[in-house]
Amino acid sequence: MRGLLLSACALAALTIAASAQAETVAITHARILTAGPAGEIAQGTLVIRDGKIAAVGPTAAVPAGARVIDAAGAVVAPGFFATGSLLGAVEVGSLGNDLSVNNPDLGAAFDVQYSLNPESILLPVARLGGLTSAVVMPIPASSRGGDEDEGDELTAGGGDSGSRSHALFAGQAAVIHLAKGDDLLTRAKVGMVVPFGQAGAGVAGGARGAEIVALKSALQDVRDYMKNKAAYDRAGYRDLPLSKADLEALIPVVQGKMPVIADVHRASDIRAVLKLAREEGFKVILSGAEEGWLVAADIAKAGVPVLLNPLNDRPESYEMLASTMENAARLQAAGVMVAIESDGGAHRARETRYNAGNAVAHGMPYAAALAAVTLNPAKIFGVADRTGSLEPGKDADLVVWTADPFEPLSQPTAVFIHGQQQPMTSRQIELRDRYKDLNRAYPPAYTH
Amino acid sequence: MRVWTWTVALIAAAAVGGCATTTPQAKTGKTSAEAPSKPKPLAPGLDPLVHADAFPSTYKPMPSRPTAVVGAAVFTGTGALIENGVVLVKDGRIEAVGPNLPVPAGYESVDGRGKWVTPGLIDAHSHLGVYASPSVPANSDGNELTNPVTAEVWAEHSVWPQDPGFNTARVGGVTTLLVLPGSGNLIGGRGVVLRNVPARTVQDMKFPDAPYALKMACGENPKRVYGAKNRAPSTRMGNVAGYRQAWINAADYARKWDDYRAKAAKGEKADPPKRDLGLDTLASVLRGEIQVENHCYRADEMAQMIDISKEFGYHIAAFHHATEAYKIADLLAANDICVATWANWWGGKMEMLDGIEANAALVNAAKGGCAIIKSDDPDLIQRLNQEAAEALAAGRAAGLTITEAEAIKWITANPAKALGISKQTGSLEPGKRADIVIWDHDPFSIYARPDRVYLDGAIAYDRRDPRYQPRSDFELGQPGEGSR
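Quick caveat: nothing in here was measured; it's all calculated off a predicted structure.

All names here are of chain B. With respect to topology, eight strands assemble into an open sheet ordered S6-S7-S8-S9-S10-S11-S12-S13, the strand pairing being mixed. One side of each edge strand has no neighbouring strand; the edge strands of this open sheet are strand S6 (121-126) and strand S13 (371-373). Neighbouring strand axes in the sheet, compared pairwise and without regard to direction, differ in orientation by 25° on average. Both strand S11 (residues 316-321) and strand S12 (residues 338-341) contribute to a ladder of three bridges, which runs parallel. In the sheet register, His-320 faces S12, and the bridge partner there is Ala-340. Contacts from helix H7 (residues 299-312) reach strand S9 (213-217), strand S10 (291-296) and S11 within the one sheet, and its direction differs from that of S11 by about 160°.

Structure below.
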């Protein structure tokens, strides 16, 4: 009997999920920040049908039978991207994550798409911060040793060093969506993470110049391997330091199809990366780039996008002496495509919207900051045809906010991913509600 | 060295033994038969109560003039918001605050219309100076991880006044901060309250008459650090044994000094205890002279720390981090213990897994609750107002009614209380230090930035005037200097 009941419940849940998928929703009287060509719509309607945005505009019609959400002047914005994220691949910082590999046969071939856990308790927390997508990136060898957002001063990471050719490449990033469900993957193999500067020097044996030589040599090995696969397979070719899996994984990089995500900070290292990319013919995305503003014209000329945390303004290391809160604004003004990251990208990923707000407070136009957490990361990682702005035909990944989404005092009131309305709760909310009233007769464990 | 020791021993013996022929007192002709010989002072450095202020503050306010900030929305830090308010500053102190105050002749009038004013922000938990930027090993001076109880170390002896982080914190409106030792030890040492002024020496930054702090730490950090060294503590029960043993040692040490002083006062022969720097600090805590600032995440551990404080007779000023404070908000309020926490930080390790955004708001909601938003971070210290806004929003989302005027206390008046400096700063009340921030937006907005920061009525920072944008020595001649 009990089993029967449960099955009935499960069936009901499935039915609800299925109907939610097909649900047509019209959000009316909303200030719509499209992040697309339509810009900001002072008051309009957005229609969701079959998981997609069916219509958006000041005069879009409400289809018959649609569930209507009257925003009453509130704001609708695209769901935000957590760029440079660990979401889905970490649970408790000190317990490690699924993004760091120290395996002599696996560097470039490491693919984070197989690390993802849709049941992570971080995902609902991130959704309540207005995030609907993330770019999950491998963590380079020399930045391992501590989760950046672990919390107190004792948890700062240590580095490791030693020449290991496989560690030149940290692996391949993926774009995920944060919808409740059993599959997070939006697009795999969106970039190859490579540490440069001090971290790159660390994996190459100690000096920056050594890493550049080692990378050139590795990429030449990939080209040689491509031309001599048959000989390689019958062991009739010279020894190559990289494993076959790594060589295979790097083919799209040397072909200019998969961008290198260059983890780099110092201005001189950024120049070195741009030069190397030009010489070797690979595409590049800069990540970090705290001193990017010093070489903004070079970056813009190369057409290279930048992922950055606009809050990095201290000379935190000898690679970030010139860091400033105005980095985002200065790069954007120079014509660089900028995407804004949060600090740590996991437990505190929900701060992405505040980081965008801080970029505005330090000179970035509002529309540019909005793009930096929506359309720009979608473009940079090749998913702009599906998400990143509120345009007809794109996935309905969007959030209804009480007011300006960059403001801490604004709260999300509805989150849609792929057109499905997401639950507005998290383990944190459950804890909060359990302990809100400490005067209950029974212990808190009875409240759930 | 040997000569020194011998000399000290002689003097000490002379002092306590009433050894008539060698003391100046003997030359006055008095003998012990006529009157009890007054105990001679111990040699310099041997009596913890003599020259107790061994590293005295040399802080001097920067030059200021009588000033009136006129027309701003003023958060007083006492729970009030005065629209179109006037703040009068004279001799570096708040002279008056009100809605309709006339500006006396000779005062510099600062146009505050369209702006907001708050008390200078106070960070109750910082490691600026002891973990300075750039964070290279040479600048890592915050944790003396060589013994689980290092009550003898003082954070101020690690503070590097040229840490560029002091300047970026001031740009964010921070005028006072508590610099603490790290959390790797059960008892990490003394913390120091600093005025956030550019200075050549840490003494020039020390907050005059502020009590010292004692850093204690619960949970994972001490047991991980010392467990890894294969020594105690390696468990939480080992932690608790460690605290209790330290307090037993302190109480015993205090008793020996009391006995000695009682005997010496009566002219009886008495041997002074050997001074012990760590036990001096702990004994000062037991005398109520030092604020206990206790790093502790979990609710159950905080309850145990409260019991330990009662067992040995000291008061915990604040639990820090305290991500589970909301689970025992009633207990903390009943014991008059503040909670210095974040809004957004959680999940980095097991003991912070249950951190929630509404923590501060739920602490605040308990009758008598004292919530503080602090940084523990050289970046977050620049945006305490934003973290407070996030905590406020979470409280409202939980259904609590909290005004901004109340929430501003989380980064002003409440940390002043936890640091023991409420009489001097933390609110805009007549007679207090004129530590003032003028903001260009409501400080609970993400777009708010300080236009001007005053310390003791002196302009310490002005966003539009390079003359008031100090740079540390480290920043001079480095890439990006002046473009930050």
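Back to the text.
Let us look at the interface of chain B and chain A. Interface size, as often reported, equals the accessible area lost upon joining of the parts. In this assembly, 67 residues from chain B lie in contact with 55 residues from chain A. Here chain B packs against chain A, burying approximately 5100 Å² in sum over the two surfaces, 54% of which is carbon and sulfur. It is Trp-346, Tyr-447 and Arg-484 of chain B in chain B that bury the most area against chain A; as a group they hold 16% of the surface buried on that side. Viewed at the interface, chain A and chain B are joined by three salt bridges. When the shortest N-O distance is used, the salt bridge between Asp-379 of chain B and Arg-314 of chain A registers 2.9 Å.

Turning our eyes to something else, we now look at the packing of aromatic side chains. If you walk through the whole model with that rule in mind, you get 16 aromatic pairs over all chains. For the ring pair Phe-80 of chain A and Trp-401 of chain A, a centre distance of 6.0 Å and an interplane angle of 25° mean the geometry is stacked. Within this pair, whereas Phe-80 of chain A is found in strand S6 (residues 80-85), its partner Trp-401 of chain A is found in strand S14 (residues 398-401), the two being separated by 321 residues in sequence. Like Trp-401 of chain A, Phe-80 of chain A is buried. Ring plane angle 15° and centroid distance 4.9 Å describe the contact between Trp-342 of chain B and Trp-345 of chain B, whose orientation is recorded as stacked. Accessibility classification places Trp-342 of chain B together with Trp-345 of chain B in one group, the buried group. Through a chain of ring-to-ring contacts, the aromatic side chains of Phe-80, Tyr-366, Trp-401 and Phe-406 of chain A assemble into a single cluster. Over the face of the ring belonging to Tyr-212 of chain B we find Arg-190 of chain B, whose NZ or CZ atom lies 4.7 Å from the ring centre. The residue whose ring lies beneath Lys-374 of chain B is Trp-342 of chain B, and the NZ or CZ to ring-centre distance is 3.4 Å.

The next thing to look at is helix H4 (residues 208-227) of chain A. All names here are of chain A. Look at H4: 29 Å from first C-alpha to last across 20 residues, which is about the 28 Å you get at 1.5 Å a residue. Those residues of H4 that sit buried are Glu-211, Ile-212, Leu-215, Ala-218, Leu-219, Asp-221, Val-222, Asp-224 and Tyr-225. In this fold, the buried residues of H4 make contact with strand S9 (185-195), helix H3 (197-204), helix H5 (229-233), helix H6 (244-254) and helix H7 (267-280).

What follows covers the pairing of S6 of chain B. Residues and elements named next belong to chain B. Extensive coverage of S6 is indicated by the burial of six of its six residues. As paired strands, S6 and strand S7 (residues 174-179) are joined by four bridges and run parallel to one another. Its bridge partner lying in S7, Ile-122 is registered against Thr-176. At this point the chain moves from S6, through helix H3 (residues 164-171), to the parallel S7, and the crossover so formed is right-handed.

Residue and element names in this part refer to chain B. Here the structure, examined in full by the defined rule, presents two disulfides over all chains. Put simply, Cys-218 and Cys-296 are joined by a disulfide, and their sulfur atoms are 2.2 Å apart. The sign of the S-S torsion, about -95°, decides the handedness of the disulfide formed by Cys-218 and Cys-296: left-handed. With Cys-218 in the loop between S9 and helix H4 (220-228) and Cys-296 in strand S10, this residue pair connects regions lying 78 residues apart in the sequence. Both residues of the pair, Cys-218 and Cys-296, belong to the buried class. In this model Cys-338 forms its disulfide with Cys-370; the gap between the sulfur atoms is 2.1 Å. Across the S-S bond linking Cys-338 and Cys-370, the dihedral sits near 85°, which makes this disulfide right-handed. On the criterion of sequence distance, the pair formed by Cys-338 in strand S12 and Cys-370 in the loop between helix H9 (359-365) and S13 is long-range, its members being 32 residues apart.

The next subject is the sheet that holds S9 of chain A. Residues and elements named next belong to chain A. Read from one edge to the other, the open sheet built from eight strands follows the order S6-S7-S8-S9-S10-S11-S12-S13, with strand pairing classed as mixed. At either end of the open sheet lies a strand with only one pairing partner, and these are S6 and strand S13 (338-340). Sheet twist, expressed as the mean angle between neighbouring strand axes with direction ignored, is 25°. Both strand S11 (residues 284-288) and strand S12 (residues 306-308) contribute to a ladder of two bridges, which runs parallel. If you follow Leu-286 over to S12, its bridge partner there is Val-306.

This part takes up the pairing of S10 of chain B. Residue and element names in this part refer to chain B. With six of its six residues buried, S10 lies for the most part within the structure. The alternating pattern of S10 places Gln-291, Glu-293 and His-295 on one face and Val-292, Asn-294 and Cys-296 on the opposite face, and all of these are buried. By the bridge criterion, five bridges tie S9 to S10 in an arrangement that is parallel. The residue of S10 that forms the bridge with Ala-217 is His-295. Relative to S11, S10 is paired through five bridges, and the arrangement is parallel. The residue bridging Asn-294 from the neighbouring strand is Phe-319, located in S11. Once you follow S10 into H7 and on to S11, the crossover reads as right-handed.

Further remarks concern the packing of helix H5 (residues 236-265) of chain B against H7 of chain B. All names here are of chain B. In the contact formed by H5 and H7, the axes pass within 11 Å of each other and the chain directions differ by 20°. When the interaxial angle is binned, H5 and H7 end up roughly parallel. Between H5 and H7 the crossing geometry is right-handed. Counting all contacts with H5, which are made through Arg-236, Val-240, Tyr-243, Arg-244, Trp-247 and Ile-248, the residues of H7 involved are Glu-301, Gln-304, Met-305, Ile-308, Glu-311 and Phe-312. Its residues assigned to classes, the contact of H5 with H7 comprises seven nonpolar, one polar and four charged.

So, on to the confidence of the model for chain A. Residues and elements named next belong to chain A. Summary statistics for chain A give a mean pLDDT of 92 and a share of 90% for residues scoring 70 or more. Across residues 1-20 the pLDDT falls below 50, and counting only partners more than four positions away or on other chains, this stretch makes three contacts in the model. Confidence over residues 155-162 falls short of pLDDT 50; this stretch has 16 contacts with residues more than four positions distant or in other chains.

What follows concerns the environment of Ala-397 of chain B. Structurally, the position occupied by Ala-397 of chain B is in helix H10 (residues 384-397). The sequence separation of Ala-397 of chain B and Glu-357 of chain B amounts to 40 residues, and the corresponding C-alpha distance is 10.0 Å. The residues touching Ala-397 of chain B, leaving out its near neighbours within four places in the chain, are Gln-411 and Arg-432 of chain A.

With that settled, the discussion passes to empty space enclosed by the protein. Using the criterion set out here, one finds five cavities of 30 Å³ or more in the structure. When residues of the lining of the largest cavity are traced back to their parent elements, those giving at least two are helix H10 (352-361) of chain A together with H10 of chain B. Partitioning the lining of the largest cavity into residue classes produces four nonpolar, six polar and eight charged.

Conventions used here
Residues numbered from 1 in each chain as written. Chains lettered and ligands numbered in written order. Predicted model: local features only at pLDDT ≥ 70, side-chain atom pairs only at ≥ 80, totals over all residues. Heavy atoms only, no water. Pairing = 2+ DSSP bridges. Helix = DSSP H or I, 4+ residues; strand = E, 2+ residues; numbered from the N terminus. Axes fitted to C-alpha atoms, helices over the stretch in contact; angles between N-to-C directions. Contact = heavy atoms within 4.5 Å. Buried area = accessible area lost by both parts, 1.4 Å probe. Salt bridge = Lys/Arg side-chain N within 4 Å of Asp/Glu carboxyl O. Phe/Tyr/Trp six-rings, centres within 6.5 Å; stacked < 30°, edge-to-face > 60°. Buried < 20%, exposed > 50% of the residue type's maximum accessible area, 1.4 Å probe, protein only. Lys NZ or Arg CZ within 6 Å of the ring centre and 35° of its normal. Expected span 1.5 Å × (residues − 1). Right-handed = clockwise from strand over helix to strand, strands pointing away. Disulfide = S-S within 2.5 Å. Parallel < 35°, antiparallel > 145°, perpendicular 65-115°, else oblique. Left-handed = near helix turned anticlockwise from the far one by under 90°. Nonpolar A, V, L, I, M, F, W, Y, C, P; charged D, E, K, R; others polar. pLDDT = per-residue confidence, 0-100. 1 Å grid on protein atoms, 1.4 Å probe; cavity = no way out; pocket = protein on both sides within 12 Å on 5 of 7 lines; lining within 4 Å. Points joined across faces, edges and corners; volume = space filled by probe spheres on them.

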